[in-house]
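One-letter residues, chain by chain:
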Amino acid sequence: MNDNKYTYDLRRLQLMQLNILKELVRICDNHGFKFYIMNGTCLGAIRHKGFIPWDDDIDVGMYAEEFDQLIKCADEFGEDFFLQTIETDPEFKTMIARIRLNGTTLIEKDFIDADIHQGVFIDIYPLFGYPGNKIKAKKRSWDSLLYRMLLLGEPPRNHGGLVKVLGRMAFTIIPRKAQQKLIGSIHKKLRSESNHTRYVAFLYGMDVHMFSTIKYERTWFGEPTMVQFEDLLLPAPTDYDSYLKIRYNDYMKLPPKEKQNSYHSFEFVDLDNSYLIYKGKKYMRNR
């Protein structure tokens, strides 16, 4: 077993993630679900025809309605895979989903104390309608932050001191039972304009700040443009050029050598053994 989190075979990890993606393609093809490769996966397809050589993840996005339908198909995934959401894995307290590979270990710093499936994964992000009106847009950004805080049970990380202060105030002021009702209310609200807005947004991670969010034209996420990614043809945003320019500016230009690395904070990786044997050793050590 590998005791050094930095010595895993990156290419082997990428191929495992590619195998997970193929399972998602199978399920989506069976049901007619539409998804888009995004972030570094989309960039890799356009610039490298596959993985960015130093990248260690796969990201896809789906409109929220189809995302919700996919979650209902959790039992249809093959025996090697696990569809992870807050519903299927309660301590996975986020608004996104992951497909995990059984029999493997990939532990992130953010989930090191969580009793969840800790296998190799790919990420699935729901895509929401986003208002064009500035006041409504700021309210939508705040709603998404509040939603994530309530799911997580604490202020989201990496969003500054003001968000932490306001988050603590929210947990103090809002009773626990009311918090659960608010989660349901915001869940519905985030989906309420999904088909009627000019813009769309992912409302997650560094895309969203306290009162601002990276937004995209809905037309960029219409009928997918099929692009080469490794040995697959995969759906990219309709206008992937405009999407990638917002994400990465001059996206065809390689970053300098010192920046050719992943942003992930993997605490421990074992591509040959199940995360279950590391419970209480590599994760959940403080519980």
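It should be emphasised that the depicted structure is a prediction, and the values quoted were computed from it without experimental measurement. (Residues numbered from 1 in each chain as written. Predicted model: local features only at pLDDT ≥ 70, side-chain atom pairs only at ≥ 80, totals over all residues. Heavy atoms only, no water.)

A. Here's a closer look at the packing of aromatic side chains. Taken as a whole and judged by the stated rule, the model has 14 aromatic pairs. Taken together, the aromatic side chains of Tyr 36, Tyr 63, Phe 202, Tyr 216, Trp 220, Phe 221 and Tyr 243 make up a single cluster linked through ring pairs. It is Arg 98 that lies over the ring of Phe 121; its NZ or CZ is 3.7 Å from the centre. Stacked on the ring of Tyr 199, the Lys or Arg Lys 215 has its end atom at 4.1 Å from the ring centre. (Phe/Tyr/Trp six-rings, centres within 6.5 Å; stacked < 30°, edge-to-face > 60°. Lys NZ or Arg CZ within 6 Å of the ring centre and 35° of its normal.)

B. Representation of the pattern of salt bridges within the structure. All told, the structure shown has 13 salt bridges when counted by the stated rule. A salt bridge links Asp 115 to Lys 279; the nearest nitrogen and oxygen atoms lie 3.3 Å apart. Here Asp 115 is found in the loop between β5 (105-108) and β6 (120-130), whereas its partner Lys 279 is found in the segment after β11 (266-270), with 164 residues between them in sequence. Via salt bridges that share partners, Arg 98, Glu 108 and Asp 123 belong to a single interconnected network. (Salt bridge = Lys/Arg side-chain N within 4 Å of Asp/Glu carboxyl O. Helix = DSSP H or I, 4+ residues; strand = E, 2+ residues; numbered from the N terminus.)

C. How the structure looks around the environment of Met 284. Looking at the secondary structure, you find Met 284 in the segment after β11. Here Met 284 falls in the buried class, since its relative accessible area comes to 11%. Counting along the chain gives 171 residues from Met 284 to Asp 113, while the straight-line C-alpha distance between them is 4.3 Å. Contact partners of Met 284, with chain neighbours within four places excluded, come to Ile 112, Asp 113, Ala 114, Asp 115 and Lys 279. (Buried < 20%, exposed > 50% of the residue type's maximum accessible area, 1.4 Å probe, protein only. Contact = heavy atoms within 4.5 Å.)

D. Just the pairing of strand β2 (residues 59-63), in detail. For β2, a buried count of five out of five residues is recorded, marking the element as mostly surrounded by other parts of the structure. Alternating positions in β2 separate into two faces, Asp 59, Gly 61 and Tyr 63 on one and Val 60 and Met 62 on the other, with burial throughout. Sheet topology note: the strand β1 (residues 36-37)/β2 ladder contains two bridges and is antiparallel. Paired with Tyr 36 across the two strands is Gly 61, which belongs to β2. Of the strand pairs in this sheet, β2 and β6 are connected by five bridges, and their pairing is parallel. Each bridged residue has a counterpart across the sheet, and for Tyr 63 the counterpart in β6 is Leu 127. (Pairing = 2+ DSSP bridges.)

E. Just the confidence of the model for the protein chain, in detail. The share of residues in the protein chain with pLDDT of 70 or more is 90%, and the mean pLDDT across the chain is 90. Here residues 1-5 scores under 50 on pLDDT; set against residues more than four positions off or in separate chains, the count is 15 contacts. (pLDDT = per-residue confidence, 0-100.)

F. Summary view of the nonpolar core. Counting residues in hydrophobic clusters, the biggest one holds 80 residues, and the most contacted among them are Leu 21, Leu 24, Ile 37, Ile 99, Ile 124 and Phe 221. Residue contacts for Ile 124: discarding those within four places in its chain leaves Leu 24, Val 60, Met 62, Phe 67, Leu 70, Leu 83, Ile 96, Ala 97 and Ile 99. Membership of the second largest hydrophobic core comes to seven residues, among which are Ile 107, Ile 112, Phe 268 and Tyr 283. (Core = buried A, V, L, I, M, F, W, Y, C linked by side-chain atoms within 4.5 Å.)

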